[in-house]
Amino acid sequence: ARQHLALPVDRLVNISGACDPIFKVIQLRPEDKAALAQRFSIPESFVMYSGGGDVRKNLDRLIRAYASLPAELITQYPLVIAGKIPEILTQGLRSNARTQGVPEHCLIFTGNVTDPELCQLYNLCHAYVFPSLHEGFGLPVLEAMSCGAPVIASNNSSLPEVVGMQEALFDPLNEADIAAK
């Protein structure tokens, strides 16, 4: 901006991407875990996605990749989709999961969550998966990592830079690659 717009240096500020400081590793008390589990009907161990439900988030492919996992993994680690997603979209995703043979209790939609609840979910999840086809930054990935969650994500857009670990990236168009991670 300084070079191309001839702006004075004192008018420029670098606002690097970061997540809110609320997203950090925390120790949840047993009663907090129980309250969260009851509120969202989630088990002790789960795999998680958070964010929107629009097409670029690639949730249909995520569900198909998840459905291809061994049945014991699906049962042991239900897929929790956290965030407010319109009912028409959740119905379609549930239908996709049923068609793929995912037991109903192994796909959980939380609906709207507060930031403190989201922080708790990130801290409790066994793994976090972000299969987006395109992102501007990928803030949920950074939030999950800041909370100590193991993260796997798409190998596109800004996500490789955010994740910083090639082994944790997958081709979001390849269900087998998603499942392998």
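You'll find the structure just up there.
The following paragraphs examine the structure supplied in this document.

The next subject is the overall build of the protein chain. Of regular secondary structure, the protein chain possesses 9 helices and 6 strands. Computed over the C-alpha atoms, the radius of gyration of the protein chain is 18 Å, within 12% of the 16 Å expected from 2.2 N^0.38 for a compact globule of 181 residues. Put simply, the protein chain has 181 residues, and 42% of those count as buried. Counting only carbon and sulfur atoms, one obtains 53% of the accessible surface of the protein chain, whose full area is about 9900 Å². Side-chain charges in the protein chain split into 14 positive and 19 negative, and the spacing between the mean points of these groups amounts to 4 Å.

Turning our eyes to something else, we now look at the packing of helix α2 (residues 30-40) against helix α6 (residues 115-124). One can describe the packing of α2 onto α6 by two numbers: an axis separation of 11 Å at closest approach and a directional angle of 105°. Between α2 and α6, the angle is such that the two are roughly perpendicular. Contacts between α2 and α6 pair Asp32, Lys33, Leu36, Arg39 and Phe40 from the former with Glu117, Gln120, Leu121 and Leu124 from the latter. Looking at the contact of α2 with α6 residue by residue, the class counts come to 4 nonpolar, 1 polar and 4 charged.

Another aspect to go through is the nonpolar core. Counting 53 residues, the largest nonpolar core has Ile42, Met48, Leu79, Leu121, Tyr122, Tyr128 and Val141 as the members making the most contacts within it. If one sorts the elements of this core by residue count, helix α3 (residues 59-67) sits on top with 6 residues. When neighbours within four sequence positions are excluded, Leu121 is seen to be in contact with Leu36, Ile42, Phe46, Met48, Ala82 and Val113.

Here is what the cut-offs are and how they apply
- Residues numbered from 1 in each chain as written.
- Predicted model: local features only at pLDDT ≥ 70, side-chain atom pairs only at ≥ 80, totals over all residues.
- Heavy atoms only, no water.
- Helix = DSSP H or I, 4+ residues; strand = E, 2+ residues; numbered from the N terminus.
- Rg over C-alpha atoms; globule rule 2.2 N^0.38 Å.
- Buried < 20%, exposed > 50% of the residue type's maximum accessible area, 1.4 Å probe, protein only.
- Areas by Shrake-Rupley, 256 points an atom, 1.4 Å probe, with all protein chains shown as cover.
- Lys, Arg positive; Asp, Glu negative; His and termini not counted.
- Charge placed at Lys NZ, Arg CZ, Asp CG, Glu CD.
- Axes fitted to C-alpha atoms, helices over the stretch in contact; angles between N-to-C directions.
- Parallel < 35°, antiparallel > 145°, perpendicular 65-115°, else oblique.
- Contact = heavy atoms within 4.5 Å.
- Nonpolar A, V, L, I, M, F, W, Y, C, P; charged D, E, K, R; others polar.
- Core = buried A, V, L, I, M, F, W, Y, C linked by side-chain atoms within 4.5 Å.

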